[in-house]
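Single-letter residue listing:
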Amino acid sequence: MQNQIKQKIGSIALVVENYDDAIAFYTQKLRFELIEDTDLGDGKRWVLISPPNGNGTNLLLAQASSAEQTLAVGNQTGGRVFLFLHTNDFWRDYEDMQLRGVEFAEKPRVEEYGTVAVFSDLYGTKWDLLQLN
């Protein structure tokens, strides 16, 4: 019997301007958990964050270290929504995020697939807050 292929995405790199500012935003405004913050030397760190009770896929915060990377901060997908934050209670999280100063680009809307609203992180990276039906 052959081994069944089993894979998952462990981390997604998100280029940021500053480790500490990004950690503060994600942990304080979005209530993400800081999973790891390891100094790798030469100004580099291994910084993993995750939504509360996440499924094991983490964001790897990567501080820009070149002019090309700096240009990508906040626009890693050419202006499209980059990340999708699924929730089991849209209105709870939407209201909490608003109280914490998260900027939404639109009013919540109900679509065929669920309730959604686009918000931006501190650098302008677009996210969907989404509760699927």
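Residues numbered from 1 in each chain as written. Predicted model: local features only at pLDDT ≥ 70, side-chain atom pairs only at ≥ 80, totals over all residues. Heavy atoms only, no water.

Looking at chain direction, strand β2 (residues 33–41) and strand β3 (residues 44–50) are connected through 7 bridges and run antiparallel. Bridging across to β3, Thr38 finds its partner in Trp46. (Pairing = 2+ DSSP bridges. Helix = DSSP H or I, 4+ residues; strand = E, 2+ residues; numbered from the N terminus.)

Reading across the sheet, the 4 strands line up as β1-β4-β3-β2 and stay open at both edges, with mixed pairing between neighbours. In this open sheet, the two strands that pair with only one neighbour each are β1 (11–16) and β2. Averaged over all adjacent pairs, the angle separating strand axes in this sheet is 25 degrees, with direction ignored. As defined by bridge partners, β3 adjoins strand β4 (residues 58–63) across 3 bridges and the pair is classed as antiparallel. By the bridge assignment for β4, Val47 is matched with Leu61. (Axes fitted to C-alpha atoms, helices over the stretch in contact; angles between N-to-C directions.)

A word on the packing of aromatic side chains. Centre distance and the angle of the planes are the two values used to describe a pair of aromatic rings. Scanning the entire structure with this criterion turns up 10 aromatic pairs. Consider the rings of Tyr26 and Phe32, whose centres lie 5.6 Å apart with planes at 40 degrees: the pair is tilted. There is no split in this pair, since Tyr26 and Phe32 are both buried. Their ring planes at 15 degrees and their centres at 5.6 Å tell us that Phe90 and Tyr94 sit as a pair that is stacked. Here the residue Phe90 and the residue Tyr94 both occupy positions in helix α3 (residues 90–99), the gap between them amounting to 4 residues, near one helical turn. Neither residue differs from the other here; Phe90 and Tyr94 are each classed as buried. Ring pairing ties together the aromatic residues Phe25, Tyr26, Phe32, Phe90, Trp91, Tyr94, Phe104, Phe119 and Trp127, which thus form one cluster. (Phe/Tyr/Trp six-rings, centres within 6.5 Å; stacked < 30°, edge-to-face > 60°. Buried < 20%, exposed > 50% of the residue type's maximum accessible area, 1.4 Å probe, protein only.)

These results come straight from atomic positions and should not be treated as a statement about function.
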